[in-house]
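Spelled out from the first residue to the last, the chains are:
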Amino acid sequence: MPDRIYNFSAGPATLPYEVLVQAAKDIVNFNNIGIGLIEMSHRSKEFIAVVDECESLLRELLAIPDNYKILFLQGGASTQFAMVPMNLLQQGKKATYLNTGTWAKKAIKEAKLFGDIDIAYSSEETVFDRVPLPDEYKAAPGAEYLYFVSNNTIYGTQFHQFPETEADLVCDMSSDILSRSIDVSRFGIIFAGAQKNMGPAGCTVVVIREDLLTKTPENVPTMFRYKTHADKGSMFNTPPCFAIYTIGLVLKWLKNMGGLPVMEKLNHDKAELLYSAIDNSDFYRGHAKFDSRSIMNVTFNLPTPELEAKFIREAADLSLNGLKGHRSVGGCRASIYNAFPREGVKKLVEFMNEFEKKNS
Ligand SMILES: *Cc1c(COP(=O)(O)O)cnc(C)c1O
């Protein structure tokens, strides 16, 4: 693995090395057919096979039931903030949202353009250091759906128990999809930008229960209707070809690793290494409350902002990159998605111990 550093970036984020090598080859000459992957018609039989394989691997790995459609869309996860209420929320109807961080807040702002939004929970007062337990909130009576963000990328918190409610669940899973086994049948819609835990930027995966495809009001434009894309197998217009192809490679890699149960164990093990380093020290302070800690994004502070800057600088000198926290919270953040190697986490923990000895 020549010239690779450990990349703790929150997204776009590290991908399996073998995936990058294969993609580099296929960009120039796909399957030895004499043209590159990103020059190929999206309607060619070669590319249709790429999409079909990507979809069937995703269905297999996440155990997605037959009555759900899988869509590969553009516009990022942020477009879904509007597309969800545009399709599911009729005028005068209500939806419940859980405000657990920046991405939830942005989704709430968009949803308010379309209907009556009930915010059943917020941890904003404590800088989003936790997510709620199921008994700490209720969906509004008659709510069309309950919306939540399963992993709060910026604050390093994660739902370990999903909401239990009559309303359909709509979940932004951008930063923890495919990190653990889930029961898809509990959700109405799951969506995720690819660039955290699935592939490169440019594609948003939407998993939607079929009966929801017919709820869209008449005045929603064609490109913003889920049914448009579901009816055409994500080929209504040119799909994000390169991103879909690369997601397919990542899914193959994930399947070879043993699938989600194996990945979930590896992820817990990596996160545990970091959290024990934080817990065994008075120098490092975790941001997230114990029960809400994320296994994908580990957020922590040092005694002063000056020490944090020095920590990030010296870590980068050792090829440990991307540890600066999001600009809205500061501090440090180690993003350790599926493809992030355990050796890199161990190296970070060694560096943390050394740095503490020298600077406390
Ligand atoms: C990164 C992120 C987003 C935004 O994704 P874009 O594809 O940049 O729009 C939304 N939600 C969560 C949870 C994220 O981590």
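This is a predicted model, so every value here is computed, not measured.

Draft legend 1. Looking closely at the domain arrangement of the protein. The domain boundaries assigned to the protein delineate domain 1 (17–256) and domain 2 (258–359). Put simply, the middle of domain 1 and the middle of domain 2, counted by C-alpha atoms, are 27 Å apart. With 28 residues of domain 1 at the interface, the matching set in domain 2 holds 26 residues. Across the domain 1 to domain 2 interface the summed buried area is about 2200 Å²; carbon plus sulfur atoms make up 54%. The interface formed by domain 1 and domain 2 holds one salt bridge in total. Among the ionic pairs, Lys289 bridges to Asp129, the shortest N-O distance being 3.3 Å. There are 19 residue pairs in polar contact (both at pLDDT 80 or more) connecting domain 1 and domain 2.

Draft legend 2. How the structure looks around the layout of surface pockets. Each pocket or cavity is described by its volume, and for the second largest pocket that value is around 300 Å³. Every residue lining the second largest pocket is counted, 22 residues in all, and those nearest its centre are Gly11, Trp103, Thr153, Gln195 and Lys196. The element that contributes the greatest number of residues to the lining of the second largest pocket is helix α3 (residues 76–88), accounting for four residues. In terms of residue class, the lining of the second largest pocket is built from six nonpolar, twelve polar and four charged. Structurally, the lining of the second largest pocket is a two-domain feature, drawing no fewer than three residues from each of domain 1 (17–256) and domain 2 (258–359).

Draft legend 3. Fine view of the pattern of salt bridges. One pass over the full model with this rule turns up 17 salt bridges. Residues Lys227 and Asp231 are paired through a salt bridge, measuring 2.8 Å at the closest nitrogen-oxygen approach. Placement of both Lys227 and Asp231 in helix α5 (residues 226–231) is noted, with a separation of four residues, approximately one turn of the helix. Classification of Lys227 by relative accessible area gives partly exposed; the value is 35%. Shared partners join several salt bridges into a network, and the residues in it are Lys93, Glu144 and Lys215.

Draft legend 4. Highlighting the nonpolar core. Counting 57 residues, the largest nonpolar core has Leu58, Phe72, Phe148, Leu178, Val205 and Leu251 as the members making the most contacts within it. Among the elements that line this core, the one with the most residues is helix α6 (residues 241–257), at ten residues. The two domains that each donate at least three residues to this core are domain 1 (17–256) and domain 2 (258–359). Contact partners of Leu251, with chain neighbours within four places excluded, come to Cys54, Leu57, Leu58, Leu61 and Leu178.

Criteria and thresholds
- Residues numbered from 1 in each chain as written.
- Predicted model: local features only at pLDDT ≥ 70, side-chain atom pairs only at ≥ 80, totals over all residues.
- Heavy atoms only, no water.
- Domains from an automatic or database assignment.
- Contact = heavy atoms within 4.5 Å.
- Buried area = accessible area lost by both parts, 1.4 Å probe.
- Salt bridge = Lys/Arg side-chain N within 4 Å of Asp/Glu carboxyl O.
- Polar contact = N/O pair within 3.5 Å; in protein donor to acceptor, adjacent residues only side chain to side chain.
- 1 Å grid on protein atoms, 1.4 Å probe; cavity = no way out; pocket = protein on both sides within 12 Å on 5 of 7 lines; lining within 4 Å.
- Points joined across faces, edges and corners; volume = space filled by probe spheres on them.
- Helix = DSSP H or I, 4+ residues; strand = E, 2+ residues; numbered from the N terminus.
- Nonpolar A, V, L, I, M, F, W, Y, C, P; charged D, E, K, R; others polar.
- Buried < 20%, exposed > 50% of the residue type's maximum accessible area, 1.4 Å probe, protein only.
- Core = buried A, V, L, I, M, F, W, Y, C linked by side-chain atoms within 4.5 Å.

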